[in-house]
Amino acid sequence: MTRAMSSRGEVAEREKTASRLLKSSANKFYDPDVDIDWGAPVDGDKYFVPPHRSTLYGTKLWDQLTEEQRIELTKHEFASVASNGLWFETLLMQMLLKSFYDTDPTRAHAQYMLTEVADECRHSTMFAKACERVGAPAYGPVPWLRQVAKILPLIAYGPAKYGAILIAEEILDRLQREMMSDEQIEPLVRMVNRIHVLEEARHVTFAREEVQRGMSKLGKLELLYQQLLISLVSLAIMTTLINPKVYAAVGIDPKEGRRAAARNPYWQETCRWAGERIMPFLDESGLIGRITRPIWRRANLIKR
């Protein structure tokens, strides 16, 4: 009897959150086709990522680049982050639709999942158009990850599924919040970041509550699986956020650029800074286990 009452209370709370998010989505959303001036000229004198957030900032390779090359590198790094975000949102949409498939469509919770998918469709289109407009390839993930990640919607469920969504969304959110108000950044990039930040706030609220609900139901073995899955997904996200091919755009061998970035303490600190908001939440929720801490350290999300 108590369990049934608890279950009803959980459903009611979930419906309350979903209804509030649906109302917010209806009242405040953006249409990138209308809200971004895609025909505006791109200013070749402005950065596309703050210089101190470039993967090579502070390295000998960075010192050897001209100002024009540094700007060009950040353009390609922006395109890599945007296209990786696009790719991950495609996986996210698959996972949300899989959850929706077995849910009562009359519930606000189910309808919000569809609303989030609609948001992500717009964001993915926006990121693709942004890459095209700035004149950089949509790099996306490295080939091996693109293939392996196809199984994620099949094996991801529960807290790890929503936790992985949070890693991707909140890492991007931290980087984009800084850029959207930075006047040294290309205006088109700032507007793309602003739209994504404002709309993703709803998605983060939804995912955080799903993590908290799911963690209360796990046994020991199930908890270990969830901890391992989210740590491996986070490692893949963080180590492939910048496709090594970006370095070729400024005459740097991709392998050399990748090695320099991996060893760069400035870039490692940027990764930890980007994860400052989400990592305490995941830790307090129980998703960062003792066994998986070395994986999190390798992803540069916690200190060594």
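Residues numbered from 1 in each chain as written. Predicted model: local features only at pLDDT ≥ 70, side-chain atom pairs only at ≥ 80, totals over all residues. Heavy atoms only, no water.

### Looking at the overall build of the protein chain
No. 1: Within the protein chain, the regular secondary structure consists of 14 helices and zero strands.
No. 2: Counting from the amino terminus, the protein chain carries its helices and strands in the arrangement α-α-α-α-α-α-α-α-α-α-α-α-α-α.
No. 3: In terms of overall size, the protein chain behaves like a compact globule, its C-alpha atoms giving a radius of gyration of 20 Å where 304 residues would be expected to give roughly 19 Å.
No. 4: For the protein chain, the C-alpha atoms occupy an extent of roughly 70 × 45 × 30 Å along the three principal directions. (Helix = DSSP H or I, 4+ residues; strand = E, 2+ residues; numbered from the N terminus. Rg over C-alpha atoms; globule rule 2.2 N^0.38 Å.)

### Some points on the pattern of salt bridges
No. 1: Taken as a whole, this structure holds 15 salt bridges when the rule is applied.
No. 2: Residues Glu178 and Arg53 are paired through a salt bridge, measuring 2.9 Å at the closest nitrogen-oxygen approach. In this pair, Glu178 sits in helix H8 (residues 158–180) while Arg53 sits in the loop between helix H2 (32–35) and helix H3 (60–64), placing the two residues 125 residues apart along the sequence.
No. 3: Glu178 sits in the partly exposed class, given a relative accessible area of 23%.
No. 4: Here Arg177 makes a salt bridge to Asp173, at a shortest N to O gap of 2.7 Å. One end of the pair is Arg177 and the other is Asp173, both in helix H8 and four residues apart, which spans about a single turn.
No. 5: In this structure Arg177 comes out as partly exposed when scored by relative accessible area, which is 37%.
No. 6: Classification of Asp173 by relative accessible area gives buried; the value is 6%.
No. 7: The structure contains a network of salt bridges with shared partners spanning Arg14, Glu209, Glu210 and Arg213. (Salt bridge = Lys/Arg side-chain N within 4 Å of Asp/Glu carboxyl O. Buried < 20%, exposed > 50% of the residue type's maximum accessible area, 1.4 Å probe, protein only.)

### Overview of the nonpolar core
No. 1: The biggest cluster of nonpolar side chains holds 94 residues, and the ones touching the most others in it are Leu56, Phe88, Ile167, Met279, Leu282 and Trp296.
No. 2: Looking at this core, the element that brings in the most residues is helix H4 (residues 67–101), giving 14 residues.
No. 3: With residues near it in sequence (within four places) discarded, Phe88 still touches Leu152, Ala164, Ile165, Ala168, Val233 and Ile237. (Core = buried A, V, L, I, M, F, W, Y, C linked by side-chain atoms within 4.5 Å. Contact = heavy atoms within 4.5 Å.)

### Brief notes about a negative patch on the surface
No. 1: Together, Asp43, Asp45, Glu67 and Glu68 give the surface a local cluster of negative charge.
No. 2: Assignment of secondary structure puts Asp45 in the loop between H2 and H3.
No. 3: Look at Asp45 and you get exposed, because its relative accessible area is 67%. (Patch = residues over 30% accessible without salt bridge, like charges linked within 9 Å, V, L, I, M, F, W, Y side chains within 5 Å. Areas by Shrake-Rupley, 256 points an atom, 1.4 Å probe, with all protein chains shown as cover. Lys, Arg positive; Asp, Glu negative; His and termini not counted. Charge placed at Lys NZ, Arg CZ, Asp CG, Glu CD.)

### Points about the packing of aromatic side chains
No. 1: Evaluated as defined, the whole model comprises six aromatic pairs.
No. 2: Plain terms: the ring middles of Tyr57 and Tyr266 are 5.4 Å apart, the flat faces sit at 85° to each other, and that makes the pair edge-to-face. One end of the pair, Tyr57, is in the loop between H2 and H3; the other, Tyr266, is in helix H12 (residues 265–274), with 209 residues separating them in the sequence.
No. 3: Residue classification places Tyr57 among the partly exposed positions, given a relative accessible area of 29%.
No. 4: Classification of Tyr266 by relative accessible area gives partly exposed; the value is 46%.
No. 5: Pairing Trp87 with Phe88 gives two aromatic rings, centres 6.5 Å apart and planes at 65°, and the pair type is edge-to-face.
No. 6: By relative accessible area, which is 6% here, Phe88 ends up buried.
No. 7: Members of the aromatic cluster, connected to one another through ring pairs, are Tyr57, Trp62 and Tyr266.
No. 8: Against the face of Trp273 rests Arg53, its NZ or CZ located 3.7 Å from the ring centre.
No. 9: Its end group placed over the ring of Phe281, Arg208 keeps NZ or CZ at 4.5 Å from the ring centre. (Phe/Tyr/Trp six-rings, centres within 6.5 Å; stacked < 30°, edge-to-face > 60°. Lys NZ or Arg CZ within 6 Å of the ring centre and 35° of its normal.)

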